[in-house]
Each structure stands twice: as C-alpha cells, then as structure tokens.
Amino acid sequence: MEELLKQWDGEEVIIRYDKPSGAWIIIAIHNTRLGTATGGTRMKSYSDLKAAVQDALKLAEGMSFKYAVANFPRGGGKAVIHVPNDFDEQKRPELLKRYGSLVCQLGGLFETGPDVGTSPDDMDIIAETGDPYIFCRTPAKGGAGDSGPATAFGVYNGILAVCEHLFDQASLEKKRILVQGGGSVGGHLIDLLIEAGATVMFSDIDDQTVRLLRDKKGLTFIHPDKIFDTPCDIFAPCALGGILNKNSIPRLKCLAVAGGANNQLAESADAERLWGRQILYAPDYAINIGGAMAIIGIETMGWSKQKADKNVSSVRQTLTQIFETAKAEGINTDAAARRIARKRLFGNHGEK
Ligand code: PHE
C-alpha cells in the first residue's frame, strides 16, 4: 500500500474507516490544475482495502485525463466506498449520510456524482449532508438525474468518429456493433445505435437485462464467454473495466473498440497491443465524458438540454483529433490522447 501511494502522481488521498457499517471510504484527488476535483462515487466490495485504494487512484487519474482531453474545466477525483462482503443494506442510508458529511467537511475540495453501484436516489441521500457538492440528484430533489443517457450520447458520437475514420463515412447503417453491458449507459447506447441503422448484438450477465433486450427488443444475445470471439465491426464495452488485456486482445475479431466503461485497459501496454493488431481504440476517458460534462454543465453552468447535447457531441471532434494525431505521429491512440491531455494537465509536451 505504501508503494502504491508513493508511486501515484496525484495530489492527495483521504481514507476513512466507517465503524458502524464496516465500510472504508476513499477519496482520491488526482489533479486540480484545471478545476475542482469531480468524479463519481463507486460503491462495491473489493477483495481488500489495497484493491479499493488502487481502484480509486486509477479512477481519479482517469477523471483528470477525461476532463483534460475534452478541455473541460474540472479536475480529476473519485471516491470509492468499499463495503464489506456481508454488508447489511439497511445500513446504506446512514453510511451514505456520513459519507455526505465527509464530502461537506472537505468544503469543496471534491464534488461527486454517481458511478458503479450508486444511483441518483443515493445522491439524494448523500446530498442531505453533502450539499452543495453532490451532482445527479433526482429531478424531484432539484438535480439533473441519471448521467447514463448523456454518457451514451457521447459514446454514440464517438462511434460516429470511429466510422468516419475507418470507412470515410460517419454512418452506422448496417455496421455490426457488439455492446457489452445493457445497463444505464449500454442500454441507452443500444437505442441510439438501433435508431441509426446499426446491427446491434449485446451481452450481459444480468438475467433481467438479457430478457428485456433479447426477448422484448429481439436483439442477438452473445454469451459472456463468447464476447471476445464474436466477429463485429465495433466492440463497445459498457460494463466494468480491465476487459482489454493480454488474454482478450489476441481474441478480438473487431475493427475498433469504442465503449463507455471506465478503465477498459488492464495495463497501458494494452493500448499498444490493440494498435499492433490494427484495432482502432477510442480511449475510454475520451469517449465517456458525456455524462459528467452534461450534468456538470446543466447543474452549475446553466446549460439547457440542447446546449448539453451540443457540447457532448464534441466527443466526435475530440476523437477525430486523437485518431489523426495517432496516425500522424505513428503512436497508439491512448498515447496520442495522453499527449494532448498532459499538455493541459502538466503544462509540458507530454512528459510527466
Ligand atoms: N460516473 C461519472 C464518470 O465517470 C461520474 C460523474 C457523473 C461525475 C456526473 C460528475 C457528474 O464520468
């Protein structure tokens, strides 16, 4: 754990043990050069505290790059609530309220919204004590609600950039797109893709989602074991991270990877592995900013829904710039995106 923290290039980490629930709260502030550290609150149980801290550090860094590459005035941060395996859900509201107090105590150092394992309903509870630092409360409580649809809209625009780059045409007509995860982002993305004429396949581990998408919407279901072996034009990961790794990449049968999940690469070498296989990778932090951008814009910058859509659609230009930089410089797309972001984050030419 010491090594982990020493090697991290972020600003600070706050760790609190919440005795009544047995949960650990970790808030990682990565880089505030461009603005207030802002990121989701992820709630789940990890194998141990170190794994939870590691995830928080990596996710916070991802947020810094996310805002920087899009030139959006916010800083990178993320919270993880590592709950015990046998967590008693009845303790959830009180835990969330204590978490809200902690965020409030920080006095604006960190602002947060939902992430894996938390929802706008949870944000309502956190805001009882954490106001005014909480995004995505439900509309009934004065918030802008779920960020999933806006994230999906950004990913959709990113996929347009991918098609333009690969096929010289920003059209999804008849393109075979495999979406991993039909949840809050994947589910909305699927709707947008179908509307644009794509042939959509999906995979999910949740029975209810499978029933909805396969039986009610008539989409082709791909068994989770077959996800990396299924031929398609674009693979869109919209579930958990770490799925692009040295085992899965050699199996991929797609031309591009472009999806909404955070931290899709298990390690940075995986970007080079994809590049080596000539698979066009849309860096996750560049393509998935839509939710955070739209919500922050609507809740703090007075954006209308139209203005939010217009700004989120800039994901398309951002990705085009990344793809062009990669091509011109002969570097992989992740390296190209980091180069653009690092200049803004560290004020130099891509060196840390
Ligand atoms: N889960 C969002 C993300 O990773 C976090 C977020 C949502 C932050 C809404 C701010 C507002 O981008």
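Scroll up for the structure.
Summarised in this report is the structure supplied together with it. None of the values given here were measured: they were computed from a predicted structure.

Parameters at a glance
Residues numbered from 1 in each chain as written. Predicted model: local features only at pLDDT ≥ 70, side-chain atom pairs only at ≥ 80, totals over all residues. Heavy atoms only, no water. Axes fitted to C-alpha atoms, helices over the stretch in contact; angles between N-to-C directions. Helix = DSSP H or I, 4+ residues; strand = E, 2+ residues; numbered from the N terminus. Parallel < 35°, antiparallel > 145°, perpendicular 65-115°, else oblique. Left-handed = near helix turned anticlockwise from the far one by under 90°. Contact = heavy atoms within 4.5 Å. Nonpolar A, V, L, I, M, F, W, Y, C, P; charged D, E, K, R; others polar. Salt bridge = Lys/Arg side-chain N within 4 Å of Asp/Glu carboxyl O. Buried < 20%, exposed > 50% of the residue type's maximum accessible area, 1.4 Å probe, protein only. Polar contact = N/O pair within 3.5 Å; in protein donor to acceptor, adjacent residues only side chain to side chain. Pairing = 2+ DSSP bridges. Right-handed = clockwise from strand over helix to strand, strands pointing away. Near = heavy atom within 4 Å. Areas by Shrake-Rupley, 256 points an atom, 1.4 Å probe, with all protein chains shown as cover. 1 Å grid on protein atoms, 1.4 Å probe; cavity = no way out; pocket = protein on both sides within 12 Å on 5 of 7 lines; lining within 4 Å. Sits in = over half its atoms within 2 Å of the grid points. Core = buried A, V, L, I, M, F, W, Y, C linked by side-chain atoms within 4.5 Å.

### Regarding the packing of helix H3 (residues 92–105) against helix H4 (residues 120–130)
Stage number 1. In contact at an axis separation of 7 Å, H3 and H4 are set at 50 degrees when each is read in the N-to-C sense. Here H3 is positioned oblique relative to H4, judged by the angle of their axes. Pair H3 / H4 crosses with right-handed handedness. Facing Arg92, Pro93, Leu96, Lys97, Tyr99, Gly100, Ser101 and Cys104 of H3, the residues of H4 in contact are Asp122, Ile125, Ile126, Glu128, Thr129 and Gly130.
Stage number 2. Tallied by class, residues from the contact of H3 with H4 come to 6 nonpolar, 4 polar and 4 charged.

### A short note on the pattern of salt bridges
Stage number 1. Overall, the coordinates contain 21 salt bridges when judged by the stated rule.
Stage number 2. Arg273 is the salt-bridge partner of Asp270, the closest N and O atoms lying 2.4 Å from each other. With Asp270 and Arg273 both in helix H8 (residues 269–276) and 3 residues apart, the pair spans about one turn of that helix.
Stage number 3. When the shortest N-O distance is used, the salt bridge between Lys305 and Asp309 registers 2.8 Å. Residue Lys305 and its partner Asp309 are both found in helix H11 (residues 305–312); the two are separated by 4 residues, about one turn of the helix.
Stage number 4. For Asp309, a relative accessible area of 28% gives the class partly exposed.
Stage number 5. By sharing partners, the salt bridges in this structure join Arg42, Asp55, Lys78 and Asp115 into a single network.

### A word on the side chain of Thr41
Stage number 1. Tracing the backbone shows Thr41 in strand E3 (residues 37–44).
Stage number 2. Reaching out from Thr41, the side chain makes a polar contact with the side chain of Tyr99 at a distance of 2.6 Å.
Stage number 3. With residues near it in sequence (within four places) discarded, Thr41 still touches Ala79, Ile81, Tyr99, Thr112, Gly113, Pro114, Asp115, Val116 and Thr118.

### Let's talk about the pairing of strand E7 (residues 199–203)
Along a regular strand, successive side chains alternate from one face of the sheet to the other.
Stage number 1. Most of E7 sits out of view: 4 of its 5 residues are buried.
Stage number 2. With 5 bridges joining them, strand E6 (residues 176–180) and E7 adopt parallel strand pairing. Bridge pairing in E7 places Arg176 opposite Thr199.
Stage number 3. Between the parallel elements E6 and E7, the chain passes through helix H6 (residues 186–195) in a crossover that is right-handed.

### Structural notes on the site of the ligand
Stage number 1. Within the structure, the ligand sits among Gly40, Met63, Lys66, Lys78, Pro114, Asp115, Cys136, Asn262 and Ala292.
Stage number 2. Asn262 is positioned with one of its side-chain polar atoms (N or O) 3.3 Å from an oxygen atom of the ligand.
Stage number 3. Burial of the ligand by the protein amounts to 93% of the accessible area it has alone, namely 330 Å².
Stage number 4. Judged by the fraction of its atoms near the pocket grid, the ligand is located in the largest pocket.
Stage number 5. Here the shell around the ligand is built from residues that sort into 4 nonpolar, 2 polar and 3 charged.

### Side note on the nonpolar core
Note on soluble globular proteins: their nonpolar side chains tend to be buried together.
Stage number 1. Residues Ile27, Ile159, Leu189 and Leu193 are the most contacted members of the largest nonpolar core, which totals 82 residues.
Stage number 2. If one sorts the elements of this core by residue count, helix H5 (residues 148–167) sits on top with 9 residues.
Stage number 3. Apart from the residues within four sequence positions on either side, Ile27 is in contact with Glu12, Val13, Ile14, Lys78, Ala79, Tyr99, Leu102, Val103, Leu106 and Phe110.
Stage number 4. One finds Leu178, Ile222, Cys232 and Leu244 within the second-largest nonpolar core, a separate group that totals 18 residues.

### Thoughts on unusual backbone geometry
Stage number 1. For the bond from Asp131 to Pro132, the omega torsion is 5 degrees, close enough to zero to count as cis.
Stage number 2. As for its placement among the helices and strands, Pro132 is situated in the loop between H4 and H5.
Stage number 3. With a phi angle near 60 degrees, Asn71 is a residue other than glycine that sits in the positive phi range.
Stage number 4. Here Asn71 lies in the loop between helix H2 (49–70) and strand E4 (75–82).
Stage number 5. For Gln278, which is not glycine, the phi torsion reads 60 degrees and is therefore positive.
Stage number 6. Residue placement: Gln278 occurs in the loop between H8 and strand E11 (280–281).

### Quick word on the packing of helix H12 (residues 315–329) against helix H13 (residues 333–346)
Stage number 1. Two numbers describe how H12 lies on H13: the axes approach to 8 Å, and their chain directions differ by 110 degrees. Put simply, H12 runs roughly perpendicular to H13. As for the relative orientation of H12 and H13, their crossing is right-handed in sense. Within the contact between the two elements, H12 uses Gln321, Ile322, Phe323, Thr325, Ala326 and Glu329 and H13 uses Thr333, Ala336, Ala337, Arg339 and Ile340.

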